[in-house]
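Residue-level structure breakdown
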Amino acid sequence: MNKFENQLVILMGGKASRLCPVTYSLPKGLNIINHKPAIFNNIDTLIKYGLKDIIIVCNDSNYDIISSMFRKCYKNLLNIQIVIQHELNGPLGAFQCAEPYINKSTLLMLGDTLCDCNFDYSKNFVGISENKNTNDFQRWCFAITDEDNKILEYEDKPNNKPISNKIVIGVYYFKNANLLKTLLKKDYPELNNEKQLSSLLSVYMKKEEMFAQTITKWQDIGTLENYVNTNSAYLTGRYFNNFKKTDLTIEKQSKEKVVSYEIDWYRQISKTPLKVLIPQFVSYKKGHNDYRYKMELLSGNSLYTYLNYYDIPISNVEYIIKSLFYTANIMWSYSNKKCVMNMPLASRYVFLSKTERRLKEWNNDIINKHEIILNGRKLLGYKEVLNRLSNQIEDLISQSEKYKAVIHGDLNFSNIFYYPDIGKFLFIDPRGKYYKIGIYGDKRYDVAKMRHSFVYKHNKLTHAGFSLQCDANEYKLTYDYDKKEDQLFDKIALMYGFNPTEIKIIDGLLFLSQIPLHKEDHSFQIASFLIGLKILNDSIV
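Remember, it's a predicted structure, so these values are computed and weren't measured experimentally.

1. Some points on the nonpolar core
Core analysis: the biggest nonpolar cluster contains 143 residues, and Ile43, Phe70 and Leu107 have the highest contact counts within it. Looking at which element gives the most residues to this core, the answer is helix H17 (residues 522-538), with nine residues. Those residues in contact with leucine 107 that lie beyond four places of it in its chain are Phe4, Gln7, Leu8, Val9, Leu46, Phe119, Tyr121, Phe125, Val171, Tyr172 and Tyr173. Counting 32 residues, the second largest nonpolar core, distinct from the first, contains Ala94, Tyr154, Phe174 and Ala212.

2. Some points on the packing of helix H13 (residues 443-454) against helix H16 (residues 500-513)
Two elements in contact, H13 and H16, have axes whose closest approach is 8 Å; the angle formed by their N-to-C orientations is 70°. By the angle between their directions, the pair H13 and H16 is classed as roughly perpendicular. Of the two possible hands of crossing, H13 and H16 adopt the one that is right-handed. Across from Arg444, Tyr445, Val447, Ala448, Lys449, Arg451 and His452 in H13, the residues of H16 making contact are Glu502, Ile503, Lys504, Ile506, Asp507, Leu510 and Phe511. Class assignment for the residues of the contact of H13 with H16 results in seven nonpolar, one polar and six charged.

3. Here we look at the side chain of asparagine 6
Along the chain, asparagine 6 falls in the segment before strand S1 (7-11). Beyond its immediate sequence surroundings of up to four residues, asparagine 6 is in contact with Leu51, Asp53, Lys104, Ser105, Thr106, Tyr121 and Tyr173.

4. Concerning the pairing of strand S8 (residues 125-130)
Most of S8 is tucked away: five of the six residues are buried. Judged from the five bridges that link them, S8 and strand S11 (residues 166-174) form a sheet pairing that is antiparallel. Of the residues in S11, the one forming a bridge with valine 126 is tyrosine 172. Here S8 runs beside strand S12 (residues 211-214); their pairing, made up of four bridges, is parallel. Along S12, the bridge assignment pairs valine 126 with alanine 212.

5. Focus: the sheet that holds strand S19 (residues 371-374)
Note on sheets: strands pair through backbone hydrogen bonds, and any given pair is parallel or antiparallel. The four strands lie next to each other as S20-S19-S26-S25, forming an open sheet whose pairing is mixed. Of all the strands in the sheet, the pair left with one neighbour each is strand S20 (377-380) and strand S25 (466-471). When the angles between neighbouring strand axes are averaged without regard to direction, this sheet yields 30°. The pairing of S19 with strand S26 (residues 474-479) spans two bridges and is parallel. Considered in S26, the bridge of leucine 374 is made with tyrosine 475. Across the sheet, H17 lies against S19, S20, S25 and S26, angled at about 85° from S20, the strand it touches most.

6. A look at the environment of leucine 224
Within the fold, leucine 224 resides in helix H6 (residues 224-233). The spatial distance from the C-alpha of leucine 224 to the C-alpha of lysine 28 is 9.7 Å, given a sequence separation of 196 residues.

Rules and cut-offs
- Every chain is numbered independently, its residues counted from 1 as its sequence is written.
- The predicted nature of this model means local features are confined to residues of pLDDT at least 70 and side-chain atom pairs, given and counted, to a pLDDT of 80 or more, with totals for whole chains, interfaces and linings taken over all residues.
- With hydrogens and water set aside, each side-chain value is computed from the structure's full complement of heavy atoms.
- In this text, buried Ala, Val, Leu, Ile, Met, Phe, Trp, Tyr and Cys residues form a nonpolar core when linked through side-chain atoms within 4.5 Å.
- A 1.4 Å probe rolled over the protein chains alone gives each residue an accessible area, and that area as a share of the maximum for its type sets the label: buried under 20%, exposed over 50%, partly exposed in between.
- Per the convention used, a helix needs a DSSP run of H or I reaching at least four residues, while a strand needs a run of E reaching at least two, with both numbered from the N terminus.
- Residue contacts follow a heavy-atom distance rule, with two residues in contact if any of their heavy atoms lie within 4.5 Å.
- Note on geometry: axes are lines fitted to C-alpha atoms, helical ones only across the stretch in contact, with angles between N-to-C directions running from 0 to 180 degrees.
- Reported orientations rely on four angle classes, namely roughly parallel under 35 degrees, roughly antiparallel over 145, roughly perpendicular from 65 to 115, and oblique for the rest.
- With the far helix as reference, a near helix turned anticlockwise by less than a right angle produces a left-handed crossing, and one turned clockwise produces a right-handed crossing.
- Note that Gly is not counted as nonpolar here; it falls among the polar residues with everything else outside the nonpolar set of Ala, Val, Leu, Ile, Met, Phe, Trp, Tyr, Cys and Pro and the charged set of Asp, Glu, Lys and Arg.
- Between any two strands, at least two bridges found by DSSP are needed for them to pair.

Function-wise, these values are silent; they only describe arrangement.
Below is the structure:
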């Protein structure tokens, strides 16, 4: 991992006419890829590497939506400067608008380029990839290099087949900020009625060597075809799952038996009136280390996307959450006469035993601390707070039988597709197994998963939606939390017969239980532990 100690400039001022009709409502960099605005995939990666300062260049017509989305998502994590390009005179013209705000080494990215972002910042560089489409050269700028990958010159949108096959993909790094600022103040000629970045690059490399850095994983969403292909490429799940998209269906495949539980859940639900709550279940296969199923390919956005990135009035948010509870309650209210599960035994395992087993597996010293200071507040440590909550947890478990219902098991908001024009929700990626295989479980688990996503933005946290500082026994954790949303959720849960404190306890235990599943991100594990600990401390009565 290469630490990021630079500024990031993103150019989003173009008209995006090649992506119509998708861009009638959003600029292309904000069209949704992987449940989030496209360019946010890059930004979230760079935040994990240390990004703090960002400059976005937009135009007059898209300023409001860009400002709204960036500030809603990153207001507590980044220093944001939004600049308007009043004269739409090309990418170099847009970059020149950012010049007054540049004060250190700068990474420049085009708003329609997605890549893995693990760059080497030891040298000035231009991100490149080999062109495999020999007939598509008029769209691109090409870099001509020597044997050491030092850039010698550029061919920008050539009329004839270029000498080089190294496409400049829209990622540029300038180590010398003073030189960059000086050159951005100069005037440059137009090519095809626009100022092109190649003009700046050609002058910059006369003063400073620039190198071609190969970017192996990248996607361009500048055209409608590329946008559709990128959406397919970014279909992701947990590490043991694979996805295959066709024109009408999507297939999920895995070697892990957990997908078999999903298959059984879909099969049972699709034979009941509850089938209206899921996409059409098409087919399935179960074999040795091969579990797969096909279902209807859905359009639209997840509820996670809407609530985390769109600036929605709180009155509309309340309507959405009430509607979600209403829809989920249709599922929870379906007959459970066939279920003979010992619910207290099952809930003890799901809520408590599994959490204790996973924390033991994690084996981090923070588990044994008697107290922790989080954002200036003293919290009881894990063992101490569980001891204080023991009677409440036992009462919660003993009441499981009356909450027995058909459940989804993983109602986080990225597993809920939402269609606001008709007020419809569709549920995907069920857990499929609460304790034993089947469609039944404690419906409070579903509610806690919903709270997990809404109040504490769990999905957002997993995508670098927090900052963490640690000094001995004191922690400072910044994340997206709104007390009004917390109170709103509790009010609606109470309307449907749930005890908000019980739901909070389950939510806190969920944060602790998930920790070993994120071995790749130690900071996220600590953040999850601290949030879970805070929720449990808040639940003591």
